[in-house]
Structures are given as structure tokens and as C-alpha cells.
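Reading the structure
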Amino acid sequence: MLAGCLGTVADVVTAPVKVASKGVDLATTSQSEADEKRGREIRRREERLAKLEREYDRQLAECQDGNRRACDEATGTYAEMQQIIPTIPVEPEGN
């Protein structure tokens, strides 16, 4: 009979630890979730940079045709590109 009581006592003692660890699991982000989020953010920046590059090319062509406003826009677009470029990781060569 004492063995049954000890098993119940052990369950009661470990219950708060199990509940707390379950709460921590729910509250923390797994490494794979963090990697996925980082990957999405990098892709978003890459897409933005590609769009800016297309805009810059168009603006530069118009600037060379004498459109002063396009020259000013190209300057702003180039500045934004320079801010984004350092935030995109470089792939190692050979991959």
C-alpha cells in the first residue's frame, strides 16, 4: 500500500515541473521556426532589391535621355539599394 502512495506523491511533485516545461515549449520558438522566419525575411529583402534594380535601370535610362526627375529618382533608388545590400547574406562560392 505504501508503494501506491509513493507513486501518487511522485506524480504530485513532478506535475508542476511538467506543466512549466510544457509552457516553456509553447512560449519558445524552435530553431527550425527561427531559421524559416530568417529565410523568409532574407527572401523578402532579395525580392525588394531585385525590384529596386529594375527601377534603377529604368530610371537611369530615362536620366540618360535627359529626364532630370528620373536622375533624382535614380539617386534615391540607388541609396535604398545600398542600404539593403549589406543585409543579404552572400552565398559561398561553389554552391
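Not measured: the values here are computed from a predicted model. (Residues numbered from 1 in each chain as written. Predicted model: local features only at pLDDT ≥ 70, side-chain atom pairs only at ≥ 80, totals over all residues. Heavy atoms only, no water.)

Now for the side chain of Gln 59. With respect to the helices and strands, the residue Gln 59 is situated in helix α2 (residues 31-64). Taking relative accessible area as the criterion, Gln 59 reaches 5% and is therefore assigned buried. Discounting chain neighbours no more than four positions away, the residues touching Gln 59 are Ala 70, Glu 73, Ala 74 and Thr 77. (Helix = DSSP H or I, 4+ residues; strand = E, 2+ residues; numbered from the N terminus. Buried < 20%, exposed > 50% of the residue type's maximum accessible area, 1.4 Å probe, protein only. Contact = heavy atoms within 4.5 Å.)

Inspection of every chain in the model, using the stated rule, returns five salt bridges. Glu 41 serves as the salt-bridge partner of Arg 44, at 2.4 Å between the closest nitrogen and oxygen. In this pair, Arg 44 and Glu 41 are both assigned in helix α2, three residues apart and thus about one turn of the helix distant. Look at Glu 41 and you get partly exposed, because its relative accessible area is 29%. One salt bridge in this structure joins Glu 41 and Arg 45, with 3.3 Å as the shortest N-O distance. Placement of both Glu 41 and Arg 45 in helix α2 is noted, with a separation of four residues, approximately one turn of the helix. Here the salt bridges share partners, and the residues they tie into one network are Glu 41, Arg 44 and Arg 45. (Salt bridge = Lys/Arg side-chain N within 4 Å of Asp/Glu carboxyl O.)

Think of a pair of aromatic rings as described by two things: how far the centres are apart, and how the planes are tilted against each other in angle. Under the definition given, this model contains one aromatic pair. Arranged with centres 5.6 Å apart and planes meeting at 40 degrees, the rings of Tyr 56 and Tyr 78 form a pair that is tilted. Within this pair, whereas Tyr 56 is found in helix α2, its partner Tyr 78 is found in helix α3 (residues 68-84), the two being separated by 22 residues in sequence. Using a relative accessible area of 41% as the deciding quantity, one classes Tyr 78 as partly exposed. (Phe/Tyr/Trp six-rings, centres within 6.5 Å; stacked < 30°, edge-to-face > 60°.)

Let us look at α2. Across its 34 residues, α2 extends 49 Å between first and last C-alpha, which sits within 8% of the 50 Å expected from 1.5 Å per residue. Of the positions making up α2, those classed as buried are Gly 39, Ile 42, Arg 45, Leu 49, Leu 52, Tyr 56 and Gln 59. For α2, the elements touching its buried residues are α3. Within two residues after α2, Gly 66 carries a phi angle of roughly 105 degrees, on the positive side. (Expected span 1.5 Å × (residues − 1).)

This part is about the nonpolar core. Counting seven residues, the largest nonpolar core is built from Leu 49, Leu 52, Tyr 56, Ala 74, Met 81, Ile 84 and Ile 88. For this core, the secondary structure elements donating two or more residues are α2 and α3. In this structure, Ile 88 is in contact with Arg 45, Glu 46 and Leu 49, ignoring residues within four places of it in sequence. (Core = buried A, V, L, I, M, F, W, Y, C linked by side-chain atoms within 4.5 Å.)

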